[in-house]
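A closer look at the structure
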Amino acid sequence: MNEDDVRALLRDVEDPALGDNIVSLGLVNDFDVDGDTVTISLALGAPYSPAETDIAARVREVLSDAGLEADLTAAIPDRAGKDVLPGVKNVVAVASGKGGVGKSTVAVNLAAGLADRGARVGLFDADIYGPNVPRMVDADDHPQATENETIVPPEKYGMKLMSMAFMIGEDDPVIWRGPMVHKVLTQLIEDVEWGHLDYLVVDLPPGTGDTQLTLLQTVPLTGAVVVTTPQDVAVDDARKGLRMFGRHDTTVLGIVENMGTFVCPDCGGNHDIFGSGGGEQFADDNELPFLGSIPLDPSVRTGSDEGQPVVLDDDNQTGESFREFAAETADMLGLVNRRSVSR
Ligand code: ADP
């Protein structure tokens with residue numbers, strides 16, 4: 001087999017989301033044929049996402065059908081030069097137009113869900129005015145300072161964690177001016193030893209103020225997830241969130257609806273208290289992907305209170321909604337990456 005033969009084989013591998021084969025799309029960075037082994041680098045950037053796992057499996061399959069063994073690596077080429085968070089493949093912000101919609105809950109379950117799929121994950125609680133992520137995962141360790149004044153984040157459920165709560169405690173209200181916020185957030189991003197991560201999930205403060213803008217300017221975001229509730233859509237808060245990203249050319253990966261259907265612990269029934277389909281309709285109206293709907297379910301709150309994200313409970317139906325949402329979000333991140341390099 002020579003290079004042309006291998007290239008022809010790879011033309012049989014489709015990227016279903018982009019609607020063409022990986023060779024024509026330019027998703028094969030390079031490859032090398034050595035006897036029966038093909039060393040191949042693919043432009044895939046969302047590890048453990050269902051879509052990219054399938055593409056990689058198809059590559060192995062077409063090569064193995066031809067009696068070849070695949071030695072796969074994956075990298076998005078033009079990411080190499082970025083100087084903020086160089087070891088982080090994807091930075092995903094979780095945002096909402098206002099507080100109380102379950103933004104932190106969604107961020108924690110997204111991060112834990114991605115880690116549970118096998119990915120290397122960091123969770124950065126940037127909600128400086130109400131940092132509650134450490135409690136939601138019952139983080140027992142604190143960050144450690146190193147000799148060269150960097151910070152080693154503690155880990156829980158396979159995630160590296162960083163939060164203002166580690167620095168100031170959860171109950172101290174922080175009243176800072178813009179430059180201070182900027183400085184602290186920049187430090188928490190740049191001085192923390194995040195290492196190599198597939199995904200860094202950032203829990204943004206609620207709303208659309210200065211802190212959010214600082215973060216959007218400081219961190220190389222791959223994209224943002226906007227959390228909404230059915231009521232929120234009705235009162236226009238979700239739109240404000242979207243407008244903020246629009247002004248900053250931030251890719252919105254999609255909308256996730258939280259507290260959609262009420263799962264009644266007593267009767268076991270599902271009730272659409274605030275009507276149904278609001279989040280999906282909102283996504284449609286804005287031509288954005290709908291990433292899923294999370295029920296209003298008391299086990300979400302008890303899970304958070306006990307420090308056990310419900311996404312990690314295999315037997316919990318709402319946990320399954322979070323797992324599907326995490327998978328969908330990973331797929332969207334992958335799509336953003338592949339679109340950025342494809343022709
Ligand atoms: P935000 O970050 O938007 O302010 P939180 O994530 O802190 O919101 O959630 C607010 C409250 O709602 C918390 O007590 C949380 O446990 C609860 N909560 C969030 N999502 C759900 C859900 N799907 N079902 C039940 N309770 C939820």
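As the structure is a prediction and not an experimental result, all values here were calculated from the model. (Residues numbered from 1 in each chain as written. Predicted model: local features only at pLDDT ≥ 70, side-chain atom pairs only at ≥ 80, totals over all residues. Heavy atoms only, no water.)

Here the focus is the overall build of the protein chain. Helix and strand counts for the protein chain come out as twelve helices and 16 strands. Overall size of the protein chain, expressed as C-alpha extent along the three principal axes, is 65 × 55 × 40 Å. In the protein chain, which comprises 343 residues, the share counted as buried stands at 52%. The contacts in the protein chain between residues at least 6 apart in sequence include a share of 75% that link residues at least 24 apart. Only carbon and sulfur atoms are counted for the fraction: they give 45% of the accessible area of the protein chain, which is about 15,300 Å². (Helix = DSSP H or I, 4+ residues; strand = E, 2+ residues; numbered from the N terminus. Buried < 20%, exposed > 50% of the residue type's maximum accessible area, 1.4 Å probe, protein only. Contact = heavy atoms within 4.5 Å. Areas by Shrake-Rupley, 256 points an atom, 1.4 Å probe, with all protein chains shown as cover.)

Residues V300, G303 and S304 constitute the buried set of helix α11 (residues 298–305). End-on view of α11: buried residues confined to an arc of 95°, all on one side of the axis. Structurally, α11 contributes buried residues whose contacts are with α3 (103–117), α4 (133–136) and α12 (317–341). Sitting at the head of α11, D297 places a side-chain oxygen 2.9 Å from the backbone nitrogen of S299. (Arc of directions from axis to C-beta. Polar contact = N/O pair within 3.5 Å; in protein donor to acceptor, adjacent residues only side chain to side chain.)

Turning our attention to the nonpolar core. Counting 76 residues, the largest nonpolar core has F124, M159, W194, L200, V201, F245 and F325 as the members making the most contacts within it. For F124, the contacting residues outside a window of four places in its chain are M162, L185, L188, I189, W194, L200, V201, V202, D203 and L215. The next biggest cluster of nonpolar side chains, apart from the first, holds 24 residues, and it includes L10, I22, V38 and V62. (Core = buried A, V, L, I, M, F, W, Y, C linked by side-chain atoms within 4.5 Å.)

Relative to each other, α3 and α12 sit at 75°, their axes nearing to 9 Å. With respect to each other, α3 and α12 are oriented roughly perpendicular. The segment α3 lies against α12, with T105, V106, N109, L110, G113, L114 and R117 engaging F322, F325, A326, A327, T329 and A330. A breakdown of the residues in the contact of α3 with α12 according to their chemical character gives eight nonpolar, four polar and one charged. (Axes fitted to C-alpha atoms, helices over the stretch in contact; angles between N-to-C directions. Parallel < 35°, antiparallel > 145°, perpendicular 65-115°, else oblique. Nonpolar A, V, L, I, M, F, W, Y, C, P; charged D, E, K, R; others polar.)

So, about the layout of surface pockets. There is about 350 Å³ of room inside the largest pocket. Taken together, 25 residues form the lining of the largest pocket, with V101, G102, T105, N258 and M259 sitting closest to its centre. Among the elements of the structure, α3, α4, β14 (252–263), β16 (290–296) and α11 are those that each provide at least two residues to the lining of the largest pocket. A total of five residues in the lining of the largest pocket trace back to one element, the largest contributor, which is α11. Taken together, the residues of the lining of the largest pocket break down into nine nonpolar, nine polar and seven charged. (1 Å grid on protein atoms, 1.4 Å probe; cavity = no way out; pocket = protein on both sides within 12 Å on 5 of 7 lines; lining within 4 Å. Points joined across faces, edges and corners; volume = space filled by probe spheres on them.)

For the structure shown, the criterion picks out twelve salt bridges. Residue K89 pairs with D198 through a salt bridge whose shortest N-O separation is 3.9 Å. Residue K89 is found in strand β6 (residues 88–96), and its partner D198 is found in strand β12 (residues 197–203); the two are separated by 109 residues along the sequence. In this structure, the salt-bridge partner of D305 is R301, at a minimum N-O distance of 2.7 Å. A residue pair is termed a helical-turn pair when its members lie 3 or 4 positions apart in one helix, as D305 and R301 do in helix α11 at four residues. (Salt bridge = Lys/Arg side-chain N within 4 Å of Asp/Glu carboxyl O.)

A word on the packing of helix α2 (residues 50–65) against α12. Contact geometry of α2 with α12 gives a least axis separation of 7 Å together with a crossing angle of 65°. Across the interface between the two elements, P50, A51, E52 and I55 of α2 pack against A327, D331, G334 and R338 of α12. Of the residues contributing to the contact of α2 with α12, the split by class is four nonpolar, one polar and three charged.

Nothing here speaks to function; it is all geometry.
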